[in-house]
Amino acid sequence: MDKNEFILSATNIHRQFKTANSVLPVLKGLSLGIQRGKTAAVTGASGVGKSTLLHIMGGLDRPTEGAVTVAGVILGNKTETQLAAFRNETIGFVFQFHYLMNDFTALENVMIPLLVAGKKKGEAADEAEHLLEIVGLRDRTSHRPKQLSGGEQQRVAVARALANDPPIVLADEPSGNLDTSTGRRLHDLLFQLNADNDTTFLIATHNRELAERCDSETQIVDGKVFDHITRR
Ligand SMILES: Nc1ncnc2c1ncn2[C@@H]1O[C@H](COP(=O)(O)OP(=O)(O)OP(=O)(O)O)[C@@H](O)[C@H]1O
Ligand SMILES: [Mg+2]
């Protein structure tokens, strides 16, 4: 397959972490390509490097070796400042623990990336309200994270990830701390967004049901791709 068809591509990624007296190799020559508009799961045992891979593919961390291309842009050629701007407009992140700002309301949390992108306050507020409506939180806009349930907090995080209409969303165990049915509703929302907007999703998960709903599944073992299954 032509590499240019991949909206997300990682080639021969190595990532090792230096600790006080040792070097820990985590990713050891991992390559992966995801086509535009697809939902892709990354699976593998705890500690295998799924979050590390998502951070690298999202430009939050740099590989020790190897190249990452996102929407045609080679991340390794960008400075930190350029990367930050690129992330804000191209990639939405949903983390296992949402990292919402506790002193801000749901609406303000979703507004932040819009304001960073240069939107005027009124426009950002309107868009944030619309995004919260999409995730079913129209009547929770003025709640702070601690006044929301875990599932609601996670949906605010999804709304925030969708701000600026990113073509790509990276989700790390998005339903990891939710009960089965709340988790399933969150998954339904992600797949709905994928179908409606053609957003590409790369999702690290231990959840079999979620992994099997994705268009592809890449299993990592010992720092490399062990298996790549394409379902559709
Ligand atoms: N900044 C860091 N410094 C040192 N070691 C790190 C660092 N970040 C991650 N690691 C190590 O890299 C390995 C992979 O971590 P990672 O978080 O990517 O695993 P994971 O596959 O996401 O696991 P889980 O399923 O538990 O979320 C772990 O053994 C972890 O201890
Ligand atoms: Mg992880």
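Residues numbered from 1 in each chain as written. Chains lettered and ligands numbered in written order. Predicted model: local features only at pLDDT ≥ 70, side-chain atom pairs only at ≥ 80, totals over all residues. Heavy atoms only, no water.

The full set of residues close to ligand 1 is Phe17, Leu24, Val26, Ala45, Ser46, Gly47, Val48, Gly49, Lys50, Ser51, Thr52 and His206. Separating an oxygen atom of ligand 1 from a side-chain N or O atom of Thr52 is a distance of 2.6 Å. A total of 640 Å² of accessible area belongs to ligand 1 in isolation, and the protein chains cover 60% of it. Looking at the shell around ligand 1, the elements that each hand over two or more residues are β2 (23-35) and α1 (50-57). Broken down by element, the shell around ligand 1 gets its largest block of residues, 3 residues, from α1. Class assignment for the residues of the shell around ligand 1 results in 5 nonpolar, 6 polar and 1 charged. (Near = heavy atom within 4 Å. Polar contact = N/O pair within 3.5 Å; in protein donor to acceptor, adjacent residues only side chain to side chain. Areas by Shrake-Rupley, 256 points an atom, 1.4 Å probe, with all protein chains shown as cover. Helix = DSSP H or I, 4+ residues; strand = E, 2+ residues; numbered from the N terminus. Nonpolar A, V, L, I, M, F, W, Y, C, P; charged D, E, K, R; others polar.)

The geometry of helix α3 (residues 106-116) relative to helix α5 (residues 150-162) is characterised by a closest axis approach of 8 Å and an angle of 25° between their N-to-C directions. Classified by the angle their axes make, α3 and α5 are roughly parallel. The way α3 lies across α5 gives a crossing that is right-handed. Seen from α3, the contacting residues are Ala106, Asn109, Val110 and Pro113; seen from α5, they are Val156, Ala159 and Arg160. Its residues assigned to classes, the contact of α3 with α5 comprises 5 nonpolar, 1 polar and 1 charged. (Axes fitted to C-alpha atoms, helices over the stretch in contact; angles between N-to-C directions. Parallel < 35°, antiparallel > 145°, perpendicular 65-115°, else oblique. Left-handed = near helix turned anticlockwise from the far one by under 90°. Contact = heavy atoms within 4.5 Å.)

Under the defined criterion, the tally for this structure stands at 1 cavity of 30 Å³ or more. Considering the residues around the largest cavity, the lining is formed by Leu54, His55, Phe93, Val94, Phe95, Leu170 and Asp172. Taken together, the residues of the lining of the largest cavity break down into 5 nonpolar, 1 polar and 1 charged. (1 Å grid on protein atoms, 1.4 Å probe; cavity = no way out; pocket = protein on both sides within 12 Å on 5 of 7 lines; lining within 4 Å. Points joined across faces, edges and corners; volume = space filled by probe spheres on them.)

Even without a glycine there, the phi angle at Glu173 is positive, about 50°. Tracing the sequence through the fold places Glu173 in the loop between β7 (168-172) and α6 (180-197).

Further remarks concern the pairing of strand β3 (residues 39-43). Burial of β3 is extensive: 5 of the 5 residues sit out of reach of the surface. Side chains Thr39, Ala41 and Thr43 of β3 all project onto a buried face; the interleaved residues Ala40 and Val42 project onto the opposite face, where all are buried too. With 4 bridges connecting them, β3 and strand β8 (residues 200-204) associate as parallel partners. Looking at β8, one finds that Ala41 is bridged to Ile203. (Buried < 20%, exposed > 50% of the residue type's maximum accessible area, 1.4 Å probe, protein only. Pairing = 2+ DSSP bridges.)

Interpretation in functional terms is not warranted from these geometric data alone.
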